[in-house]
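Topology and contacts: notes
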There are 2 protein chains.
Amino acid sequence: MIQTFSFEITAKDKKTKARTGVIHTPHGDIETPTFVPVGTQASVKTLSPLELDELGVRLFFVNTYHTYLRPGLDVIKKFGGLHQFMGWNGPIITDSGGFQVFSLGRKKFVTKNEKEEGEAALVSIGEDGVVFQSHWDGSKHEFTPEKSMQYEWALGSDIHIAFDDCTPYPVTPQDAKKSMERTHRWAVRSLEEHGKLKAEDGRQNKPYQALYGSIQGSVYEDLRKESAKFITSLPFDGFAIGGVAVGETKKEMANVLEWVMPILPDEKPRHLLGVGEIDDIFELISCGVDTFDCVQATRLGRMGRVFTNSELRIQNSEKEFNIDITKREYAGDMRPIEEGCGCYTCQHFSRSYLRHLFHVRELLGYRLATIHNIYFINHLVSQIRASIKEGTFAEFRTHFTNP
Amino acid sequence: MIQTFSFEITAKDKKTKARTGVIHTPHGDIETPTFVPVGTQASVKTLSPLELDELGVRLFFVNTYHTYLRPGLDVIKKFGGLHQFMGWNGPIITDSGGFQVFSLGRKKFVTKNEKEEGEAALVSIGEDGVVFQSHWDGSKHEFTPEKSMQYEWALGSDIHIAFDDCTPYPVTPQDAKKSMERTHRWAVRSLEEHGKLKAEDGRQNKPYQALYGSIQGSVYEDLRKESAKFITSLPFDGFAIGGVAVGETKKEMANVLEWVMPILPDEKPRHLLGVGEIDDIFELISCGVDTFDCVQATRLGRMGRVFTNSELRIQNSEKEFNIDITKREYAGDMRPIEEGCGCYTCQHFSRSYLRHLFHVRELLGYRLATIHNIYFINHLVSQIRASIKEGTFAEFRTHFTNP
């Protein structure tokens, strides 16, 4: 077993909890803070591993639930893990599958078979784990802390997340407490199973697989603090803040970070699950988050919404950091999406061409917009890292958010 | 006006009419024979210009009809032509729009508006040209030889094709003759208008835009020969064989080449319109075709049919040069599509991963399959070029088609 997972802090901001660091993994180093794009089904939608690398992506997220169902773990085991299966040699983080099991289960069925649309999926949650029906074909499956750890082990990701009971929103304090307590019992079981898998895995030079504990507690201060204290008392390699971006307000999310972050030990990395819209980034980094995953950059890209911080943002009545490139007003616009942007898209193509590609539904358009959005956010986060190191984080924040 | 369009023959096969050459254009040289992928809507589906370049694509096809409708010529004129609009600095060939005007017009309406589906598009063909309704929105448009030449001029492609009356199939000899004679009159008008545009275009250093005449005559020997004689009597820069791959048999197509090719002057390049399935390539090259465009490589790729000439082809009951990667049997297949293939896809990904991407409809799959198919066909054609130069064309053909 190669013991190469570690974390070092390289700089701290004086006015906030923001910090820069490096997570060392068997598949390479990750400079933090870092944005983590999502490759739900073992592919960051529209992009090749080569492009991810060129975009400076150092870590991406793969969903255990999706890959467990398709292609299935037997296939991925044959390859020795996700890295070889996807042709990606950099670090990978996987979740426990819990979030999807709960959230897809609590939503409507989504299948190709129209007859089944609208039927509710069956999810039965017990102390042992969760039994659910595949959202693809209705087949029955069970996720327990032990099974989830086994699945992540088979995926071979560099960072695993413990199996938790992802508390829905809104929720009563009583139900949130019950859910949190279950998460805590499952955290213990996850750690134990993960330890067993480590001990049993006989492969020579097996890369170290880290395990992060997941903190729950919904929007309640006492629960969040209790969860942070309990989970950090366990020997996890890092910590994930879960149960956010599930419907609560941005203010409520900020509260959660304010309560939880001071309790987390400085010396271990922190991952914020499912958060990373442009206007969240300064806030979450200033609270001390090291890594954060979010589908917004890629999803908006495929919808033709491309990130910008130029004069357009001010004109944009929606006050968002993006423009809708599919609009007719861009049909003859010869400028790149963002003047001065160094991405492949902006270096080679105009708003006009992009608008055309979306208009006629050419697949290249989805990709060029995705490339721009990931570049934009990575560039922003790299500027933030530099500003933390230079002691100018606050000034850069003001400069970026009020250009 | 930069006079850089020329053609030179570099080698000739002794047993067939196959030859190698170089077409010099203002945007670079094209080694022939060459396969020409199709970028119908100003994009070779799924691929970026960078990828096309890396795949060794030196020339690609853009459809005047499609770009005329969307984004519209006003947009492309703003950019000074397709090269700048698409971000592609290599040579481009455009058609006259005639084929689409006739073929889309003769088919059913295809629009996003379901109400209109099934209605026949209105196409009225007269001596002056064709009036038709857009297959997108039903708006009325007119293509004449003069307008078609003006459109291609605005697109700024390196090679234009004269406006012709694309004869449908099947057709009576009488109707084929009428259609051919109209094509001949339109060829004269196309040349005249193209000359005017050249003379009128005042831009300094304007790249030379070549014009190819188009040969019609359906499947009738006397008409094809008459058309070849008439069109080659006009001062075109090269010649295109049109009205093939419109429904006739492969044998009939081979006949057309046999009749027409000996009449074409050696010293000018010949383009075969819309033909280039794997099993056509040896035949068309042996008849002396220099360039040929075909959507098969890219279209099959997006359907998950990937080219192979390995042992699989023999097992494949359909006796085609491709396998259907979406099949369950490839779910756990760790081999690349084609052992020994040098393409990005085969160098980095397994059949299993490709099958997964298609199975879950990830856009990356369509691209990886397209990359492989274009690489495969380009590699084949480059091997053919080498074999012609080395005098081993016949042997290579036997080797490839009976492995």
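What follows is about the overall build of chain A. Along chain A, the regular secondary structure elements total 15 helices and 16 strands. Taken against the 2.2 N^0.38 rule, which gives 22 Å for 403 residues, the C-alpha radius of gyration of chain A at 21 Å falls within 12% of a compact globule. The dimensions of chain A, computed from C-alpha atoms along their principal axes, are 60 × 55 × 50 Å. Scored against the burial criterion, the 403 residues of chain A give a buried share of 51%. Considering only contacts in chain A between residues 6 or more positions apart, those separated by 24 or more positions represent 66%.

Facing 30 residues of chain B, the contacting portion of chain A comprises 30 residues. Residue assignment for the side of chain B that touches chain A shows that the elements contributing at least two residues are α2 (64-79), α3 (82-86), α13 (351-359) and α14 (363-390) of chain B. Along the lines of polarity and charge, the residues of the side of chain B that touches chain A split into 16 nonpolar, 10 polar and 4 charged.

The next subject is the pairing of strand β12 (residues 238-241) of chain A. Along β12(A), one buried face is formed by Gly238(A) and Ala240(A) and the opposite face, lined by Phe239(A) and Ile241(A), is buried too. Between strand β11 (residues 210-215) of chain A and its parallel partner β12(A), the chain crosses via helix α7 (residues 221-232) of chain A, and the hand of that crossover is right-handed.

Glancing now at the domain arrangement of chain A. Residues and elements named next belong to chain A. Here chain A is described as being made up of domain 1 (6-95 + 149-294) and domain 2 (304-401). Between the C-alpha centres of domain 1 and domain 2 there is a distance of 27 Å. Counting residues at the interface gives 25 residues for domain 1 and 21 residues for domain 2. Listing elements by their share of the side of domain 1 that touches domain 2, those giving two or more residues are β2 (19-25), β4 (34-36) and α9 (278-286). No other element matches the 5 residues that α9 contributes to the side of domain 1 that touches domain 2. For the side of domain 1 that touches domain 2, a count of residues per class yields 12 nonpolar, 5 polar and 8 charged.

A word on the environment of Thr67(B). Residues and elements named next belong to chain B. Along the chain, the position of Thr67 falls in helix α2. C-alpha separation for the pair Thr67 and Ala394, spaced 327 residues apart in sequence, amounts to 40 Å. When neighbours within four sequence positions are excluded, Thr67 is seen to be in contact with Gln41, Ala42, Val62, Ile76 and Leu155.

What follows concerns the relation of the copies chain B and chain A. By a simple turn and slide, chain B fits onto chain A: the slide is 0.0 Å along the axis, the RMSD is 0.0 Å, and the turn is 180°. These values place the two chain copies in the arrangement generated by a two-fold rotation axis. No C-alpha of chain B lies nearer the rotation axis than that of Leu363(B), which sits 3.8 Å from it. Interface overlap between copies: 100% of the residues of chain B at the interface are likewise at the interface in chain A, consistent with a symmetric, same-surface contact.

Here the focus is the sheet that holds strand β7 (residues 123-125) of chain A. Residue and element names in this part refer to chain A. Read across the sheet, 3 strands follow the order β7-β8-β9 without closing on themselves; strand pairing throughout is antiparallel. The open sheet has two edge strands with one neighbour each: β7 and β9 (140-143). Neighbour-to-neighbour, the strand axes of the sheet open up by a mean angle of 15°, direction not taken into account. In the sheet, β7 pairs with strand β8 (residues 130-133) via 3 bridges, with the strands oriented antiparallel. Paired with Val123 across the two strands is Phe132, which belongs to β8.

What counts and what doesn't
Residues numbered from 1 in each chain as written. Chains lettered and ligands numbered in written order. Predicted model: local features only at pLDDT ≥ 70, side-chain atom pairs only at ≥ 80, totals over all residues. Helix = DSSP H or I, 4+ residues; strand = E, 2+ residues; numbered from the N terminus. Rg over C-alpha atoms; globule rule 2.2 N^0.38 Å. Buried ≥ 20, exposed ≤ 12 C-beta atoms within 10 Å, placed from the backbone. Contact = placed C-beta atoms within 7 Å. Nonpolar A, V, L, I, M, F, W, Y, C, P; charged D, E, K, R; others polar. Right-handed = clockwise from strand over helix to strand, strands pointing away. Domains from an automatic or database assignment. Least-squares fit on C-alpha atoms with pLDDT ≥ 70 in both. Pairing = 2+ DSSP bridges. Axes fitted to C-alpha atoms, helices over the stretch in contact; angles between N-to-C directions.

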